[in-house]
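Given next are the chains, with one letter for each unit.
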Amino acid sequence: MIKRKLTGYRAAVGAIAAMGAMALGGAASAKDLTMGTTSPTSSHFTISVAMSKAIETGMEGSNVSVIETGASVDNVLRLARDEIDLGLATTDILISARNGTGKFEGNAIPDTVALYPYSASILLIAVTEESGVTTLDELDGKKFNPGIRGSAAETLTTGILSMFDINADLVHGAVGDAVEGIKNRQIIGYSKYGAANSVDATLHELMTSTEMRLIGFSDEQEKAATEAMEGVGFTTLPAGLIPGSEEMRVPKLNVFFLTRTGVMDDDTAYDIARSIHQNMGLLVEAWPQLADYDIAADAVATIETGIPYHPGAERYWREAAGS
């Protein structure tokens, strides 16, 4: 069982020190689990709370503490420091953590593994109509929020801007800061993941007072990003997703809940996967778009594509899918 010391000292430990702490990980208690999520303004926080209820329902006597974090990168670093037992992250961050690339350059966390998938997320780059910006290139020199600090959105957005030599004036901050900055004309837009082909609640809020525009990728930009960034795919947003928007291509990644084999034992991983699967009704209440989602089939499909799963979770998903 992990004994956490969530003190100011521990919170201040840097990424390199965090990687060194890997060897200290123990088996998570099935009775007391801590779940790393994202900003409470995100729809992914809402589904995370539903997942915590599903786990508690399926694992008698368990307690799941849901905590706000900086999302994907932050969650993986917290896993490395043994501060959480499971946390959400996108495909590219999982791969980067295992391989020691990108944000984890030289500091691989090779025992990072998936517990279960639950969504495909799209990267929404939204700017004000007033800005006149219609392409990624036109973000050059503009004040722009690239996503929650420590999130997969921030990592992907800053990587893409750097790849295409787009020197936006990046203004970092939480989602709420970005929304206020846009409303007050301090920045012209922001980048954030949304669930499937839907608009995030923050963009809905913005559009009540500010005319917004979505920015897509050109064919050349899509090709370059796909070739350079492992785990990143693209999807087509339908026209009219927001008023006046055209059909466009945007990045798409799977979203998982992750853990580490050094943090969680096989039985706990198996029980978490089982609890999520057998209590999907709680997830559907939070996200109606999951009503037709076959999570067991998706889990096995991602396993077959090479996504590394916790052995206990993989055992459950293969049994559930009959594979």
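What counts and how
- Residues numbered from 1 in each chain as written.
- Predicted model: local features only at pLDDT ≥ 70, side-chain atom pairs only at ≥ 80, totals over all residues.
- Heavy atoms only, no water.
- Buried < 20%, exposed > 50% of the residue type's maximum accessible area, 1.4 Å probe, protein only.
- Helix = DSSP H or I, 4+ residues; strand = E, 2+ residues; numbered from the N terminus.
- Pairing = 2+ DSSP bridges.
- Right-handed = clockwise from strand over helix to strand, strands pointing away.
- Axes fitted to C-alpha atoms, helices over the stretch in contact; angles between N-to-C directions.
- Parallel < 35°, antiparallel > 145°, perpendicular 65-115°, else oblique.
- Left-handed = near helix turned anticlockwise from the far one by under 90°.
- Contact = heavy atoms within 4.5 Å.
- Nonpolar A, V, L, I, M, F, W, Y, C, P; charged D, E, K, R; others polar.
- Phe/Tyr/Trp six-rings, centres within 6.5 Å; stacked < 30°, edge-to-face > 60°.

Caption draft 1: Highlighting the pairing of strand β1 (residues 32-36). Extensive coverage of β1 is indicated by the burial of four of its five residues. Strand direction decides the pairing type here: β1 and strand β2 (residues 63-67), joined by five bridges, are parallel. By the bridge assignment, L33 is partnered in β2 with V64. Following the chain from β1 across helix α3 (residues 43-58) to the adjacent parallel β2, one finds a crossover that is right-handed. The pairing of β1 with strand β3 (residues 86-90) spans two bridges and is parallel. Counterpart to M35 in the pairing with β3 is L86.

Caption draft 2: The packing of helix α10 (residues 266-278) against helix α13 (residues 311-321), seen in detail. Remark: α10 packs on α13, axes separated minimally by 6 Å, with the N-to-C direction vectors making an angle of 40°. As far as their axial angle goes, α13 and α10 are oblique. As for the relative orientation of α10 and α13, their crossing is right-handed in sense. Within the contact between the two elements, α10 uses D266, D267, A269, Y270, A273, R274, H277 and Q278 and α13 uses P311, G312, A313, R315, Y316, W317, E319 and A320. A breakdown of the residues in the contact of α10 with α13 according to their chemical character gives eight nonpolar, three polar and five charged.

Caption draft 3: Representation of the packing of aromatic side chains within the structure. Across all of its chains, the model carries seven aromatic pairs by this definition. Ring geometry for F217 versus F234: centroids 5.3 Å apart, planes at 75°, classification edge-to-face. A residue pair is termed long-range when its members are at least 10 positions apart, and F217 in the loop between β8 (212-214) and α9 (219-228) and F234 in strand β9 (residues 233-237) qualify at 17 residues. F217 gets classed as buried once you look at its relative accessible area, which sits at 7%. For F234, a relative accessible area of 14% translates into the label buried. Ring centres of Y270 and Y316 lie 5.3 Å apart, and the angle between their planes is 90°; on these two criteria the pair is classed as edge-to-face. One end of the pair, Y270, is in helix α10; the other, Y316, is in helix α13, and 46 residues separate them in sequence. Like Y270, the residue Y316 is buried in the burial classification. Taken together through their ring pairs, the aromatic side chains of Y116, Y118, F257 and W287 make up a single cluster.

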